[in-house]
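Understanding the architecture of this molecule
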Amino acid sequence: MASLLPLLWQLCLLRIGPQDLPYSPALSRALVIAALAAGLLNAAATDALGQHLLPRLLVTLAFLVAVPWLLLQLRGYGNRLAQTVAAIAGSSLLYALAFLPLSLLTADFDPAEPQPAQVLAAWIGLFLTGWKLVINAHIWRHALGLPFAAAVLLAVGLLLVQVGFARLLEGAG
């Protein structure tokens, strides 16, 4: 794992692509589990471990594994699945860990009376989310052989669909 962290960092800086990660289905599974666990930590930090936890986890899992599988199959690049999932899950793990202090800081956020540190944390969170979209676009560009603009549209579209599914499942629960 120690040698993986610099690779994931380089991926997040857009210096390497998913093809530069080791091909290892076991590593992909481990990164998916770690990303889900980091998401749980963020949910715990914001007291969001309520009844909608399972639907959120299922949606996250689908977008970490099933969506890449489907998109890669449609493009005829099924052999790229392990590295693509590792890239998406690994960057999601780093994103979740970077977001954790912000979650702790904004856990009791009151929009009517925001504290300056909470406002700063919100802006940093917005930046991190935007950067995560850029990272995802970078990953999709390499994994699917897309132009960067198309990969950005795909990354944004997938985020919107993921959020929509999560809200839909929360409403059903």
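Below is a short write-up of the structure. (Residues numbered from 1 in each chain as written. Predicted model: local features only at pLDDT ≥ 70, side-chain atom pairs only at ≥ 80, totals over all residues. Heavy atoms only, no water.)

A few words on the side chain of asparagine 136. Structurally, asparagine 136 is set in helix α5 (residues 116-144). The class of asparagine 136 is buried, set by a relative accessible area of 17%. Discounting residues that sit within four places of it in the chain, asparagine 136 has contacts with Ser91 and Ala155. (Helix = DSSP H or I, 4+ residues; strand = E, 2+ residues; numbered from the N terminus. Buried < 20%, exposed > 50% of the residue type's maximum accessible area, 1.4 Å probe, protein only. Contact = heavy atoms within 4.5 Å.)

Remark: helix α2 (residues 25-45) packs on helix α4 (residues 81-105), axes separated minimally by 8 Å, with the N-to-C direction vectors making an angle of 20°. The angle between α2 and α4 falls in the class roughly parallel. The chirality of how α2 crosses α4 is left-handed. Here the residues of the contact of α2 with α4 are counted per class, giving 18 nonpolar, seven polar and no charged. (Axes fitted to C-alpha atoms, helices over the stretch in contact; angles between N-to-C directions. Parallel < 35°, antiparallel > 145°, perpendicular 65-115°, else oblique. Left-handed = near helix turned anticlockwise from the far one by under 90°. Nonpolar A, V, L, I, M, F, W, Y, C, P; charged D, E, K, R; others polar.)

This brings us to a nonpolar patch on the surface. On the surface, a cluster of nonpolar side chains totalling about 420 Å² of accessible area is made up of Phe109, Val119, Trp123 and Leu126. Locating leucine 126 in the fold gives a position in helix α5. (Patch = residues over 30% accessible without salt bridge, like charges linked within 9 Å, V, L, I, M, F, W, Y side chains within 5 Å. Areas by Shrake-Rupley, 256 points an atom, 1.4 Å probe, with all protein chains shown as cover. Salt bridge = Lys/Arg side-chain N within 4 Å of Asp/Glu carboxyl O.)

What follows is about the nonpolar core. Counting residues in each nonpolar core, the largest one holds 36 residues, and the members touching the most others are Leu8, Leu21, Leu31, Leu64 and Trp140. Broken down by secondary-structure element, the contributors of at least two residues to this core are α1 (4-12), α2, α3 (53-75), α4, α5 and α6 (148-172). Not counting residues within four places of it along the chain, the set of residues in contact with leucine 31 comprises Leu4, Leu8, Ala86, Ala89, Gly90 and Leu93. (Core = buried A, V, L, I, M, F, W, Y, C linked by side-chain atoms within 4.5 Å.)

Following the sequence through the fold, serine 103 ends up in helix α4. A polar atom in the side chain of serine 103 sits 2.8 Å from the side chain of asparagine 42. Once residues within four sequence positions are removed from consideration, serine 103 is found in contact with Asn42, Ala45 and Thr46. (Polar contact = N/O pair within 3.5 Å; in protein donor to acceptor, adjacent residues only side chain to side chain.)

Looking now at unusual backbone geometry. One non-glycine residue, leucine 14, lies in positive phi territory at about 65°. By the element assignment, leucine 14 lies in the loop between α1 and α2. Accessibility expressed as a relative area gives 29% for leucine 14, which makes it partly exposed.

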